[in-house]
Amino acid sequence: AFGGVGKSTIATLVATKEQVRKEYNAGIVWIDVGNRGVYGFTYDEYCDVLSSMCHQLKLKDQPEFPELVNVPGESRIELERRESKMMLEARDKVSGLIRGRRGALLLILDDVWRNQDLELFRFKWKKKKLCDILVTTRVQGLLASDFVNIDFLSMDEGIQLLLAEAGQSPDH
């Protein structure tokens, strides 16, 4: 769906519904992924997001991630390979911290542009998923599971929605 259609607004409405908050009693975490260009998250950006996630969940143990040090003479491909490995290790570390939480956890990933970025947030422990994920994206074909395509409202649909939200009957 196009930008400005209301994907993030709908995700916010979902997250604030009482029924959803009861269902996801272990927590609801919002992460603004955004367009991170060709290479996606850097290791440092990803670790910052993971730390923010743990903070949102009020985890007792906050993760510590090793520093990505520059290796003289290392090629771009070698650096990317090492960085990717460290990111998966960071994801596994956070998986270990959230696996003991009681109840269901919802992770909202807002404005995802790449499958690789989505994969970084599929937290698992021994092949068991640790959270449900709600994704907003304008990239068609990004998701392989259930999706709802959101398009612009017609003028009549917009007026009907505004009236309904204002508690007015459409006859006005």
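Each residue is numbered by its place in its chain's sequence as written, counting from 1. Confidence filtering applies because this is a predicted model: local features only for residues at pLDDT of at least 70, side-chain atom pairs given and counted only at 80 or more, and all residues used for totals across whole chains, interfaces and linings. To obtain the side-chain values, all non-hydrogen atoms of the structure were included, while hydrogens and water were left out.

Novice: It is not clear to me how the packing of aromatic side chains should be interpreted in this structure. Could you clarify?
Specialist: Here the distance between the centres and the angle between the planes together describe a pair of aromatic rings. Between 30 and 60 degrees the pair is tilted, below 30 it is stacked and above 60 it is edge-to-face, where a pair is any two Phe, Tyr or Trp rings, Trp via its six-membered ring, whose centres lie within 6.5 Å. Taken as a whole and judged by the stated rule, the model has four aromatic pairs. When the centroid spacing of 6.3 Å and the interplanar angle of 70 degrees are considered together, the rings of Phe121 and Phe123 count as edge-to-face. Note on exposure labels: buried denotes an accessible area under 20% of the residue type's maximum, exposed denotes more than 50%, and partly exposed covers the range between, all computed with a 1.4 Å probe on protein chains only. Taking the relative accessible area as the measure of exposure, Phe121 reaches 0% and is therefore buried. Through a chain of ring-to-ring contacts, three or more aromatic side chains come together here, namely Phe41, Tyr46, Phe121 and Phe123.

Novice: Where do I start with the pattern of salt bridges in this structure?
Specialist: A pair can form between side chains of opposite charge whenever their charged atoms are brought close. Between Lys or Arg on one side and Asp or Glu on the other, a salt bridge is scored when a side-chain nitrogen of the former is within 4 Å of a carboxyl oxygen of the latter. By the definition in use, this model includes eight salt bridges. Where Glu80 meets Arg76, a salt bridge forms, and the shortest distance between an N and an O atom there is 2.9 Å. Note that Glu80 and Arg76 are positioned in helix H4 (residues 76-98) at a spacing of four residues, about one turn of the helix. Numbering of helices and strands starts at the N terminus; helices are DSSP runs of H or I of at least 4 residues and strands are runs of E of at least 2.

Novice: What is the right way to look at the packing of helix H3 (residues 43-56) against H4 in this model?
Specialist: The packing of two helices is summarised by the inter-axis angle and the distance between the axes. The N-to-C vectors of H3 and H4 enclose an angle of 5 degrees; their axes lie 10 Å apart at closest approach. In this view, H3 runs roughly parallel relative to H4, as classed from their interaxial angle. When H3 is examined against H4, the residues Tyr43, Tyr46, Cys47, Leu50, Met53 and Cys54 are found in contact with a partner set consisting of Glu83, Met86, Met87, Ala90, Arg91, Val94, Leu97 and Ile98. Residue polarity is assigned by list, with Asp, Glu, Lys and Arg as charged and Ala, Val, Leu, Ile, Met, Phe, Trp, Tyr, Cys and Pro as nonpolar; anything else, Gly included, falls into the polar class. Of the residues in the contact of H3 with H4, the class split is twelve nonpolar, no polar and two charged. Axes, fitted as lines to C-alpha atoms, cover a helix only where it is in contact. Angles between the N-to-C directions of the axes lie from 0 to 180 degrees. Any angle from 65 to 115 degrees is called roughly perpendicular, while one under 35 is roughly parallel, one over 145 is roughly antiparallel, and all others are oblique. Contacts are residue-level and defined by heavy atoms, with any inter-residue pair within 4.5 Å sufficient.

Novice: Explain unusual backbone geometry here, please?
Specialist: In most cases, non-glycine residues show a negative phi, while peptide bonds are predominantly trans. A positive phi is found at Lys58, a non-glycine position, where the angle reads about 55 degrees. Relative to the elements of secondary structure, Lys58 occurs in the loop between H3 and H4. Positive phi is not limited to glycine here, since Asp111 has a value of about 65 degrees. As for its position among the elements, Asp111 is in the loop between strand S2 (105-110) and helix H5 (115-119).

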